[in-house]
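Close look at the chain arrangement
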Amino acid sequence: MDLSVVIVNYNVRYFLEQALLSVERARVGLEVEVWVVDNNSADNSVEMVRERFPWVRLIANQGNPGFSVANNQAIRQARGKYVLLLNPDTVVEEETFRRCVSFME
């Protein structure tokens, strides 16, 4: 596994969807796992991830433990050689992950 991408979400469904669409394009050519940790959003973010992005590993918290705790929940389970913490309002370009992994190597 080359890269683990961790996204913490709280009530930003639209931005999360755009981020995941860009991540889907950027992961081509690499072994990438994507984690979304949802901090008890009320905007149907969890359902959207389950329906639109079944390849995403999802942690649906029943409360909001905060940003750091949520990141660590996924990092503890991540299998990637490298871990990228990505904000849900970020759109990555198609070459971003390949360039990052290449740089780290």
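Structure report, in brief.

Procedures and definitions
Within any chain, residue numbers begin from 1 and follow the written order of that chain's sequence. Whole-chain, interface and lining totals are the exception, using all residues; otherwise, since this is a predicted model, local features are given only for residues with pLDDT of at least 70 and side-chain atom pairs are given and counted only at 80 or more. The side-chain figures draw on all heavy atoms in the structure; neither hydrogens nor water molecules are used. Put simply, DSSP H or I for four residues or longer makes a helix, DSSP E for two residues or longer makes a strand, and each gets a number counted from the N terminus. Using the Shrake-Rupley algorithm and a 1.4 Å probe, accessible areas are obtained, with residue cover drawn only from the displayed protein chains. Counted charges follow a simple rule, with Lys and Arg positive, Asp and Glu negative, and His plus the chain ends left uncounted. Just so you know, the charge point we use is NZ for Lys, CZ for Arg, CG for Asp and CD for Glu. The classification of residues rests on relative accessible area computed with a 1.4 Å probe and restricted to protein chains. Under 20% of the type maximum is buried, over 50% is exposed, and intermediate values are partly exposed. Polar contacts, as used here, are pairs of N or O atoms within 3.5 Å; protein pairs need one atom able to donate a hydrogen and one able to accept it. Residues neighboring in sequence count only if both atoms are side-chain atoms. The contact criterion used is simple: two residues touch if any of their non-hydrogen atoms lie within 4.5 Å. Any two of the Phe, Tyr and Trp rings considered here, Trp counted by its six-membered ring, make a pair once their centres fall within 6.5 Å; the pair's planes then place it as stacked at under 30 degrees, edge-to-face at over 60, or tilted in between.

Looking at the overall build of the protein chain
- Along the protein chain, the regular secondary structure elements total four helices and four strands.
- Secondary structure elements in the protein chain, listed N-terminal to C-terminal, are β-α-β-α-β-α-β-α.
- Seen through its principal axes, the protein chain has C-alpha atoms that stretch 40 × 25 × 20 Å.
- Here the protein chain has roughly 5900 Å² of accessible surface; of this, 48% comes from carbon and sulfur atoms.
- A gap of 4 Å separates the mean positions of the 11 positive and 14 negative side-chain charges of the protein chain.

Quick look at the side chain of Ser-41
- Its location among the elements puts Ser-41 in the loop between β2 (32-38) and α2 (45-52).
- On the basis of relative accessible area, Ser-41 is assigned to the buried category, the value being 16%.
- A distance of 2.7 Å separates the side chain of Ser-41 from the backbone nitrogen of Asn-11, its partner in a polar contact.
- With near-sequence residues (within four places) excluded, Ser-41 lies in contact with Asn-9, Tyr-10 and Asn-11.

Quick notes on the packing of aromatic side chains
- Scanning all chains against the criterion turns up two aromatic pairs.
- Look at Tyr-14 and Phe-15: their rings are 5.6 Å apart centre to centre, the planes differ by 70 degrees, and that puts the pair in the edge-to-face class.
- When its relative accessible area of 55% is taken as the criterion, Tyr-14 is described as exposed.
- Classification of Phe-15 as partly exposed rests on a relative accessible area of 43%.
- Note on Phe-53 and Trp-55: the rings are 5.9 Å apart at their centroids and 90 degrees apart in plane angle, and the pair reads as edge-to-face.

Treat this as a map of the structure, not an account of what it does.
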